[in-house]
Amino acid sequence: MINQSSIRAYAERAGIRKSDQVVNEAIQAGKQTAFLSHSHKDAELAKGLQGYLQAQGWMVYIDWEDTSMPPKPNRETAQKIKDRINLLSWFIFLATANSTSSRWCPWEIGYADGVKQIDKIVVVPTRDSAGNSHGNEYIDLYRHVSTAEGGGVGLFRPTDKRGVLLESVAL
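Heads up: these notes are all about the structure in this document. Treat the numbers as computed from the prediction; the structure is a model and nothing was measured. (Residues numbered from 1 in each chain as written. Predicted model: local features only at pLDDT ≥ 70, side-chain atom pairs only at ≥ 80, totals over all residues. Heavy atoms only, no water.)

Considering the pattern of salt bridges
Next up, step 1: Taken as a whole and assessed by the stated rule, the structure comprises 4 salt bridges.
Next up, step 2: The closest approach of N and O atoms between Arg157 and Asp119, which form a salt bridge, is 3.4 Å. Of the two residues, Arg157 is situated in the loop between β8 (153-156) and β9 (163-165) and Asp119 in the loop between α6 (104-115) and β5 (121-127); the sequence distance between them amounts to 38 residues.
Next up, step 3: Using a relative accessible area of 32% as the deciding quantity, one classes Asp119 as partly exposed. (Salt bridge = Lys/Arg side-chain N within 4 Å of Asp/Glu carboxyl O. Helix = DSSP H or I, 4+ residues; strand = E, 2+ residues; numbered from the N terminus. Buried < 20%, exposed > 50% of the residue type's maximum accessible area, 1.4 Å probe, protein only.)

Comments concerning helix α3 (residues 43-55)
Next up, step 1: Here α3 contains 13 residues, and its C-alpha end-to-end distance of 18 Å stays within 8% of the 18 Å for a straight helix at 1.5 Å per residue.
Next up, step 2: Listed in full, the buried residues belonging to α3 are Leu45, Ala46, Lys47, Gly48, Leu49, Gln50, Gly51, Leu53 and Gln54. (Expected span 1.5 Å × (residues − 1).)

So, the packing of helix α4 (residues 75-87) against α6
Next up, step 1: At a minimum axis distance of 10 Å, the contact between α4 and α6 shows a crossing angle of 45°. In this view, α4 runs oblique relative to α6, as classed from their interaxial angle. Crossing of α4 against α6: the hand is right-handed. Every residue of α6 that contacts α4 at Thr77, Ala78, Ile81, Lys82, Ile85 and Asn86 is listed here: Trp104, Trp107, Glu108, Tyr111, Ala112 and Val115.
Next up, step 2: When grouped by side-chain class, the residues that make up the contact of α4 with α6 number 8 nonpolar, 2 polar and 2 charged. (Axes fitted to C-alpha atoms, helices over the stretch in contact; angles between N-to-C directions. Parallel < 35°, antiparallel > 145°, perpendicular 65-115°, else oblique. Left-handed = near helix turned anticlockwise from the far one by under 90°. Contact = heavy atoms within 4.5 Å. Nonpolar A, V, L, I, M, F, W, Y, C, P; charged D, E, K, R; others polar.)

Some remarks on the layout of surface pockets
Next up, step 1: Roughly 460 Å³ of volume is contained in the largest pocket.
Next up, step 2: Contributions of two or more residues to the lining of the largest pocket are made by β2 (33-37), α4, α5 (97-101) and α6.
Next up, step 3: Counted by class, the lining of the largest pocket contains 10 nonpolar, 8 polar and 6 charged residues. (1 Å grid on protein atoms, 1.4 Å probe; cavity = no way out; pocket = protein on both sides within 12 Å on 5 of 7 lines; lining within 4 Å. Points joined across faces, edges and corners; volume = space filled by probe spheres on them.)

Read these as layout, nothing more, since geometry by itself doesn't imply function.
See below:
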């Protein structure tokens, strides 16, 4: 479980480039990429997670940074999201109260579950300032990010609870 305050703190100090530029460059260079599913109400958390993951070598896409997206969600938005989920190597779900109650986020993870390899779907469960945990319902289904016993942040498998430090994950 990752504290939301830790993610927010990273957003304040990270030098983050726009995701559509970073991801397009990564695709052209043959690098691995990730789609970040999150609630737009959690924009600061999404930027913090994006910055942290980019520092670990993950090229992370956020839909509202994509200038080709329609200004209001519609059928074209859904198709563009599907296209990006299919195109990008990883799918990451930022689990918060807002994302789990969103209309789009559960749809995105459901779509990803149908088109991605199960090992390429990652949940980032969080704990908010009130101590509430979010994303536990996904931990037994998908890989998840959490604090490692020896320090750092790890990527853990759902079935055997073993993991590796995030920075050592071969993308």
